[in-house]
Amino acid sequence: MCPSWLYRKLKEGNSPQHHIHNMKDPKEDEEKSRRVVEKSTELRRRGRRRNKQCSKADRLQEKGFDSQLVSSTCSKNLVFAARPGYGHLGTKCVVKANHFLADISASDLSHYTVKIIPEVRCRKTSKAIIAELVRVHKNTDLGMRLPVYDGGRNLYTAAMLPFTYKEFTILLTEDDESIGTTREREFKVVIKFAARVSMHQLLDTPQEALTVIDIVLRELAAQSYVSIGRFLYSPDFRKPQQLGGGLESWRGFYQSIRPTQMGLSLNIDMSSMAFIEPLPVIDFVAQILGKDVHSKPLSDADRVKIKKALRGVKVEVTHRGSFRRKYRISGLTSQPTRELNFPLDEKMNMKSVVDYFQEMYGYTIKYPHLPCLQVGSQKKVNYLPMEACKIVGGQRYTKGLNEKQITSLLKVSCQRPREQETDILQTIQENDYEYNPYAKEFGISVDSKLTSVDARVLPAPWLKYHDTGREKEYLPQVGQWNMMNKKVINGSTVRYWACINFSRSVQESTARGFCQQLVQMCQISGMEFSQDPVIPVYSAKPDLVKKALKYVHSASLENLGGKELELLIAILPDNNGSLYGDLKRICETDLGLISQCCLTKHVFKINRQYLANVALKINVKMGGRNTVLLDALSWRIPLVSDIPTIIFGADVTHPESGEDSCPSIAAVVASQDWPEVTKYAGLVCAQPHREELIQDLFKCWKDPHHGVVYGGMIRELLLSFKKATGQKPLRIIFYRDGVSEGQFYQVLLYELDAIRKACASLEPSYQPPVTFVVVQKRHHTRLFSSNHDDRNSTDKSGNILPGTVVDSKICHPTEFDFYLCSHAGIQGTSRPAHYHVLWDENNFTADEIQSLTNNLCYTYARCTRSVSVVPPAYYAHLAAYRARFYMEPGATEISKARGARSKDGSVRPLPALKEKVKNVMFYC
């Protein structure tokens, strides 16, 4: 077990992230709707603490933050919602979690500062210098101590070193990748005693304590595995699997120490990562291009593709026997090897590469038609023939994977729960923390058993369908159901529609037959749908998408005597490149047209389940509703049904790895119906590259004609809610996706401030209470059934049952978080969503927020399954993903050339959504 003093410290939570917000009793009387705004103001006033010394708050106020909010949440006094108690709703059960209890017997450490001269910027080199120091001096100057080093300025030992200040001279042999030689460099290392720190004191900054323990537990593994962040990989875990295109997958594991209610816990999870295959470069190039390169010269397009794939890759030469120098590739020559010459000396006597290799190494170049690799610096470029180089093993692939590679990687990493649990336990055994010299030095031991956790399976909600269907109400079983004998609760009307066919292989008669089947399914589902299109099916070439769409739009307008086309059904080739994105951009930002795309493979092989799902999508895109919670219609959802409540979802998507200048895209959706909370309008915006804070939540600017003007996504969605329902929201629930733990503080501070300002811009006294919940899927907690053979405790895939919730033992010691697996598994091991309530002015109980979140997961519009993430967050993700297509063709290249920002620091805005589009669920 964790020492009592350490556990108490974790419970007290003395870091900025761990102050407690004392909440009142969540029960409210019948007059709540009238007094809710006054009450929230009073709660906020009592929940705030001021700190005049808080310089961070001063800086934030200078940037325009709400002064009241800043003072309440400055770095010393950030108030996160405290856990109001534990949930009781649902059927009790026990699950196993991939958390392993860590015991720390050492009560204090010695902290030393490290200074390396000359200064080293590379963390890997810093670690190599200290590793060499420990190797040489451990048994002498270090007094047999085994220190751990963070790669920066901090070094820790379990007991005092024999000195308080000492200088060491270290010789380090390292590869010089620019010229392909090894060199010996001398460094002076100064180690100076900083403090004798008890773990109790260190826990005043818990992240520092966790970092030290993390370093200790991974130090040994990092010496034999490839370390990438918190992940460790090795080709010895499992035989690497080929992914195509010169890549292979390596198996590895994730490792992190976490504070939990049971004490410190080591979280271990399995992982797969794409690495570059250690192939001869010429074979790697052949795989990249998908063709034989031994005989034919490369085209310019081939060269560009190869240059992009090889830049930064480390290779070793093979033409010198056992002497294998290593180099890092900086580029590719534009000329073939046979045409390359270089100056042999300062007198500029020229020598061909072919002759040089023959005379110097006795090596005859076999493929002189291929370009050479460029290695070294711009000043001194070296040429290496491709055939004389081999890729060095153990290099992670950092660029984007294609669809085939992604599919292969998912197939390799996909494991059934029983298999994943076995691999995790095997990893714990192989890491053998009991005999790990670093763990022993610091008195850390790790349990070898998965943690058993009390859990509950929340009941599925009753769903309401239209009264004209045979099944008017339905209770889903194990997270899934279908539309048989059911009709959507609010069917939309489609009077004017057309079909455009971009697929050469689909004849007009086939397209017409498919459309008729789809229309029939929409009608069966409860929609009013005209039988015939406005114009005959129009066939077009994919490269003329804009011209074709404008023709269909104008021809329909003419046929309808000026009335607008309502829906466009588009048939696309299975591999359609940029066609899908171009079509969506033109329809949604130019023509104001709702579209539904269908792939050729589905047109030829008509499947009723596919048609039913497409019908669900069309219904919500056209403004209908598929189903609603029965409890919503009977006004029985706690803290939603009592007063007008708006539910937001927000997410930011960032460019792919390797795209270093494209803007990030933020999306916010908000419910537009109450009490049903099923229809969500969405807005999107571009913002600076990799910026996580949503910049356009609230905007304020001075207009020369109108004075101060207010805007932003929150304000616009609040106004559209009032327009749709006739009432202004008196409660806000905000689900925020994509935020890491290290960003909780700044995201809450910035975005809660924006919400408040948006509300106040409508009426100065308008401050509805806000509940701010972060949704995380990129975590590594996995939950397993306590008995894999018990069919009553698992779904068909062997995963835990949908509705399984955990809020104890492995959760945060004091803050209001829970894990919820709301979906049924399909393949692999289900990943529960982690919900963290950062701010709660509505005083939700654990049961209320858990039940609301789980029930909402059954209202997702695109399918008849409960989903893994609460729908508003899911919709925000879809909208943000869609908006990436709105960047004009060539805009990505322009942003790469000029940078994402303009001279004034702003980002090129996305084209605006048409009014007809943004008020419906166009992103579905």
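Nothing here was measured: the structure is a model prediction, and the numbers come from that model.

Scoring rules and cut-offs
- Residues numbered from 1 in each chain as written.
- Predicted model: local features only at pLDDT ≥ 70, side-chain atom pairs only at ≥ 80, totals over all residues.
- Heavy atoms only, no water.
- Helix = DSSP H or I, 4+ residues; strand = E, 2+ residues; numbered from the N terminus.
- Buried < 20%, exposed > 50% of the residue type's maximum accessible area, 1.4 Å probe, protein only.
- Contact = heavy atoms within 4.5 Å.
- pLDDT = per-residue confidence, 0-100.
- Phe/Tyr/Trp six-rings, centres within 6.5 Å; stacked < 30°, edge-to-face > 60°.
- Pairing = 2+ DSSP bridges.
- Axes fitted to C-alpha atoms, helices over the stretch in contact; angles between N-to-C directions.
- Core = buried A, V, L, I, M, F, W, Y, C linked by side-chain atoms within 4.5 Å.
- Domains from an automatic or database assignment.
- Polar contact = N/O pair within 3.5 Å; in protein donor to acceptor, adjacent residues only side chain to side chain.
- Parallel < 35°, antiparallel > 145°, perpendicular 65-115°, else oblique.
- Left-handed = near helix turned anticlockwise from the far one by under 90°.
- Nonpolar A, V, L, I, M, F, W, Y, C, P; charged D, E, K, R; others polar.
- Salt bridge = Lys/Arg side-chain N within 4 Å of Asp/Glu carboxyl O.

Here we look at the overall build of the chain
Moving on, step 1. Secondary structure summary: the chain contains 25 helices and 43 strands in total.
Moving on, step 2. Buried residues in the chain amount to 55% of all 924 residues.
Moving on, step 3. A sequence separation of at least 24 residues applies to 72% of the contacts in the chain between residues at least 6 apart.

Let's talk about the confidence of the model for the chain
Moving on, step 1. Residue-level pLDDT values for the chain average 89, and 88% of them are 70 or greater.
Moving on, step 2. In the predicted structure, residues 895–903 sits below a pLDDT of 50 and forms 16 contacts with residues beyond four places in sequence or in another chain.

Describing the packing of aromatic side chains
Moving on, step 1. Scanning the model with the defined rule gives 30 aromatic pairs in all.
Moving on, step 2. Seen in terms of ring centroids, Tyr580 and Phe885 are 5.6 Å apart; in terms of plane orientation they differ by 80°. Their pairing is edge-to-face. Residue Tyr580 is located in helix 16 (residues 579–591), and its partner Phe885 is located in the loop between helix 23 (871–883) and helix 24 (891–898); the two are separated by 305 residues in the primary sequence.
Moving on, step 3. Overall, the relative accessible area of 25% leaves Phe885 in the partly exposed class.
Moving on, step 4. Ring plane angle 75° and centroid distance 6.4 Å describe the contact between Tyr735 and Tyr835, whose orientation is recorded as edge-to-face. Placement of the pair is Tyr735 in strand 38 (residues 731–737) and Tyr835 in strand 43 (residues 833–840), with a sequence separation of 100 residues. Of the two residues examined, Tyr735 and Tyr835, each falls in the buried class.
Moving on, step 5. An aromatic cluster of at least three residues, connected via ring pairs, comprises Tyr680, Tyr860, Tyr874, Tyr875, Phe922 and Tyr923.

Topic: the environment of Leu232
Moving on, step 1. With respect to the secondary-structure elements, Leu232 resides in strand 11 (residues 231–234).
Moving on, step 2. Judged by relative accessible area, which is 0%, Leu232 ranks as buried.
Moving on, step 3. Sequence-wise, Leu232 and Trp250 are 18 residues apart; in three dimensions their C-alpha atoms are separated by 9.9 Å.
Moving on, step 4. Setting aside its immediate chain neighbours within four residues, Leu232 contacts Arg218, Ala221, Ala222, Tyr225, Val226, Ser227, Phe237, Gly252 and Phe253.

Topic: the sheet that holds strand 35 (residues 680–687)
Moving on, step 1. With mixed pairing, the 11 strands of this open sheet are ordered in space as 35-34-33-38-39-43-42-41-23-3-40. Two strands in the sheet have a free side with no partner beyond their single neighbour: strand 35 and strand 40 (783–785). When strand polarity is set aside, the average angle formed by the axes of neighbouring strands in this sheet is 30°.
Moving on, step 2. As defined by bridge partners, strand 42 (residues 816–821) adjoins strand 43 across five bridges and the pair is classed as antiparallel. Bridge assignment links Phe816 to a residue of strand 43, and that residue is Val837.

Focus on the nonpolar core
The nonpolar side chains of a soluble globular protein tend to be buried, and buried together.
Moving on, step 1. Formed by 91 residues in total, the largest nonpolar core has its most connected members in Tyr735, Tyr835, Tyr875 and Tyr923.
Moving on, step 2. Considering every element that reaches this core, the biggest residue donor is helix 18 (residues 608–621), with eight residues.
Moving on, step 3. Looking at which domains feed residues into this core, each of domain 3 (491–622) and domain 4 (628–887 + 904–919) supplies at least three.
Moving on, step 4. Counting 52 residues, the second-largest nonpolar core is a separate cluster that includes Ile104, Ile130, Leu133 and Phe253.

What about unusual backbone geometry?
Moving on, step 1. The omega angle of the peptide bond from Ile117 to Pro118 is 0°, so this bond is cis rather than trans.
Moving on, step 2. Backbone torsion omega between Trp674 and Pro675 reads 15°, so that peptide bond is classified as cis.
Moving on, step 3. Tracing the backbone shows Pro675 in the loop between strand 34 (664–671) and strand 35.
Moving on, step 4. We note that Val478 has phi near 50°; this positive angle belongs to a residue other than glycine.
Moving on, step 5. Tracing the chain through its elements places Val478 in the loop between strand 25 (473–474) and strand 26 (493–494).
Moving on, step 6. Although it is not a glycine, Asn843 adopts a positive phi angle of roughly 55°.
Moving on, step 7. By the secondary structure assignment, Asn843 is in the loop between strand 43 and helix 22 (846–856).

Details of the pairing of strand 7 (residues 154–157)
Moving on, step 1. Pairing of strand 5 (residues 108–117) with strand 7, which is carried by four bridges, proceeds in the antiparallel orientation. Looking at the pairing, Thr113 lines up with Asn154 of strand 7.
Moving on, step 2. Bridge count between strand 6 (residues 148–149) and strand 7: two bridges; the pairing is antiparallel. Counterpart to Val148 in the pairing with strand 7 is Tyr156.
Moving on, step 3. Between strand 6 and strand 7, which pair antiparallel one after the other, the connecting turn spans four residues, and Gly151 there sits at a positive phi close to 85°.

Section: the side chain of Asn267
Moving on, step 1. With respect to the helices and strands, the residue Asn267 is situated in strand 14 (residues 263–276).
Moving on, step 2. A polar side-chain atom of Asn267 sits 3.2 Å from the main-chain carbonyl oxygen of His780.
Moving on, step 3. If sequence neighbours within four positions are ignored, Asn267 has contacts with Asn98, His99, Tyr254, Gln255, Ser256, Arg258, His780 and Thr781.

Quick notes on helix 8 (residues 281–289)
Moving on, step 1. Taken across its nine residues, helix 8 has seven buried, putting it largely inside the fold.
Moving on, step 2. Buried within helix 8 we find Val281, Ile282, Phe284, Val285, Ala286, Ile288 and Leu289.
Moving on, step 3. Packed against the buried residues of helix 8 are strand 14, helix 9 (300–310), strand 15 (314–317), strand 19 (371–376) and strand 21 (389–391).
Moving on, step 4. Gly290 lies just past helix 8 and shows a positive phi near 70°.

Some thoughts on the packing of helix 14 (residues 508–524) against helix 18
Angle between the axes and distance between the axes: these two values describe a pair of packed helices.
Moving on, step 1. Remark: helix 14 packs on helix 18, axes separated minimally by 9 Å, with the N-to-C direction vectors making an angle of 65°. When the axes of helix 14 and helix 18 are compared, the pair comes out roughly perpendicular. Handedness of the crossing formed by helix 14 with helix 18: right-handed. Residues Phe514, Gln517, Leu518, Met521, Cys522 and Ile524 of helix 14 pack against Arg608, Tyr610, Leu611, Ala612, Val614, Ala615 and Ile618 of helix 18.
Moving on, step 2. Residue composition of the contact of helix 14 with helix 18, by class: 11 nonpolar, one polar and one charged.

Quick word on the pattern of salt bridges
Moving on, step 1. Overall, the coordinates contain 37 salt bridges when judged by the stated rule.
Moving on, step 2. Between Glu167 and Lys188 there is a salt bridge, and its shortest N-O distance comes to 3.7 Å. Residue Glu167 is found in strand 8 (residues 165–176), and its partner Lys188 is found in strand 9 (residues 181–198); the two are separated by 21 residues along the sequence.
Moving on, step 3. Arg625 is the salt-bridge partner of Asp673, the closest N and O atoms lying 2.7 Å from each other. With Asp673 in the loop between strand 34 and strand 35 and Arg625 in the loop between helix 18 and strand 32 (628–629), this pair connects stretches of sequence that are 48 residues apart. Here Asp673 matches Arg625 in class, with each residue buried.
Moving on, step 4. Here the residues in one salt-bridge network are Arg238, Arg251 and Asp423, joined through shared partners.

Topic: the sheet that holds strand 29 (residues 538–539)
Whenever strands of a sheet pair, they do so through backbone hydrogen bonds, lying parallel or antiparallel.
Moving on, step 1. An order of 29-27-30-31 is seen for the four strands of this open sheet, with the pairing classed as parallel. The open sheet has two edge strands, strand 29 and strand 31 (594–599), and neither has a second partner.
Moving on, step 2. Taken together, the five bridges between strand 27 (residues 497–501) and strand 30 (residues 567–572) define a ladder with parallel strand orientation. Residue pairing for strand 30: Ala498 is matched across the bridge by Leu568.
Moving on, step 3. In this fold helix 15 (residues 545–559) packs onto strand 27, strand 29 and strand 30, with an angle of close to 155° to the strand it touches most, strand 27.
Moving on, step 4. Helix 18 rests against strand 30 and strand 31 of the sheet, and its axis sits at about 165° to strand 31.

Remarks on the pairing of strand 3 (residues 91–97)
In regular strands, side chains alternate between the two faces of the sheet.
Moving on, step 1. With seven bridges joining them, strand 3 and strand 23 (residues 451–457) adopt antiparallel strand pairing. The partner of Val95 across the bridge, within strand 23, is Val453.
Moving on, step 2. Strand direction decides the pairing type here: strand 3 and strand 40, joined by three bridges, are antiparallel. Paired with Ala97 across the two strands is Leu783, which belongs to strand 40.

Here we look at the environment of Ile191
Moving on, step 1. Among the secondary structure elements, Ile191 is positioned in strand 9.
Moving on, step 2. When its relative accessible area of 1% is taken as the criterion, Ile191 is described as buried.
Moving on, step 3. Note: C-alpha distance between Ile191 and Arg153 (38 residues apart in sequence) is 9.5 Å.
Moving on, step 4. Filtering out sequence-adjacent residues up to four positions away, Ile191 remains in contact with Tyr112, Thr113, Leu133, Phe163, Thr164, Tyr165, Lys166 and Phe168.

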